[in-house]
Amino acid sequence: MRLSARIKCFRYLVYAYIVLISICGGAQLVIGAFLLWTHRQYSTLVNDMFCEPFGVLIALGLVSQLLCYFGWTSTSKKHRCYLGTFSAFLVILIVAQFLISGWAIATKTQLITPAELAIEANFGQFIALDGVSNDQTHIWNRLQRDIQCCGVNGIHDYKKVGVPWSCYDPINSKVYSAGCMHMFVKSIEVNMIRVALVAIAAALIQSLGIFCVIQLVMLLKKPKLMLPIGDNHSLRVKRTRELVPLSSETATTSSAHAHTMASTIPTMPMPTMSIHSSTKPPIAAKPIVPKIEHPIIK
């Protein structure tokens, strides 16, 4: 498969992966907001504790949406550096979601004692007030009506002040036998498990396509030229320069300018060569002796 076709294929895979991340982020936003809303209705019973995991889940959804926008822009522009940054942020987000899921499980195991102490203290303030048992907007009356419970541990908690109307079932007028503390703490534990499951599911789904992003980053490198000796060298394309002929007016202007520059340059005198006589006397020429041929006597 050609390089351009492979890049195009992986671009489409990355686009689908980004849409999947956006769906996971939207689910985190919706689920986190719903869990936070349900917890805030009765959070004053536990002194507004245990709200942090729900807020962090909402923040993870927002971060996922921002990363989707960044990744989509980087993929459309085929910017290799931005795609590498996008993949690095995705790895950090996935690791953070695994850590947050573990934090939610740890919070679930440690919330029983502080939650029970806060609920007992709040219930003592409720039964100490006069006429509060008939207040329909009070948090204890709303809690007992919504989750169908009565008192902290049961109906025996109202022996001194009388059983309020919220402890009765409106259909058959029976008193709820279950205590509110156990049911409310159990609902908080279930919500913590939901936060952990949502974070783990989002991390697993987001980790499926991270390899497509990394492969696209590797494909967007500079092409390499395979030489016969087996060495890899980057293929550098030299940009050819075009020589544009000068027009007649431009050539005339250039020659006039050159003549003006030449006239302004001062002429330097040429150095004269001086011949110095040598201190040694000249060598006399050898005399030429004529060659005399002697007669031959026979």
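Fair warning: this is a prediction, and the values are worked out from it, not measured in the lab. (Residues numbered from 1 in each chain as written. Predicted model: local features only at pLDDT ≥ 70, side-chain atom pairs only at ≥ 80, totals over all residues. Heavy atoms only, no water.)

A.B. asks: Looking at this model, I keep getting lost on the overall build of the chain. Mind explaining?
C.D. replies: Along the backbone of the chain there are eight helices and two strands. When the helices and strands of the chain are listed from N to C terminus, the series reads α-α-α-α-α-α-α-β-β-α. A buried classification covers 30% of the 298 residues belonging to the chain. Restricting the contact set of the chain to residue pairs at least 6 apart, pairs at least 24 apart contribute 72%. A total accessible area of about 21000 Å² is found for the chain, and carbon and sulfur atoms account for 65% of it. (Helix = DSSP H or I, 4+ residues; strand = E, 2+ residues; numbered from the N terminus. Buried < 20%, exposed > 50% of the residue type's maximum accessible area, 1.4 Å probe, protein only. Contact = heavy atoms within 4.5 Å. Areas by Shrake-Rupley, 256 points an atom, 1.4 Å probe, with all protein chains shown as cover.)

A.B. asks: I keep staring at the nonpolar core and nothing clicks. Help me out?
C.D. replies: Formed by 31 residues in total, the largest nonpolar core has its most connected members in W140 and F184. Counting only elements with at least two residues in this core, the list comes to α2 (52-77), α4 (112-128), α5 (139-146) and α6 (180-206). A total of nine residues in this core trace back to one element, the largest contributor, which is α6. Apart from the residues within four sequence positions on either side, W140 is in contact with L45, I119, N122, F123, F126, G151, V152, S166 and C180. (Core = buried A, V, L, I, M, F, W, Y, C linked by side-chain atoms within 4.5 Å.)

A.B. asks: Would you take a moment to explain the packing of aromatic side chains for this structure?
C.D. replies: For any pair of aromatic rings, the description rests on two quantities: the centre-to-centre distance and the angle between the ring planes. Tallying each qualifying case throughout the model produces eight aromatic pairs. Taken together, a centroid distance of 5.4 Å and an interplanar angle of 75° make the contact between F123 and Y158 edge-to-face. Of the two residues, F123 sits in helix α4 while Y158 sits in the loop between α5 and α6, which places them 35 residues apart along the sequence. Taken as a pair, F123 and Y158 share a single burial class, namely buried. Each ring, one from F126 and one from W140, has its centre 6.2 Å from the other, and the planes form 25°; the classification is stacked. Remark: W140 occurs in helix α5 and F126 occurs in helix α4; sequence separation between them is 14 residues. You'll find F126 and W140 in the same group, each marked buried. (Phe/Tyr/Trp six-rings, centres within 6.5 Å; stacked < 30°, edge-to-face > 60°.)

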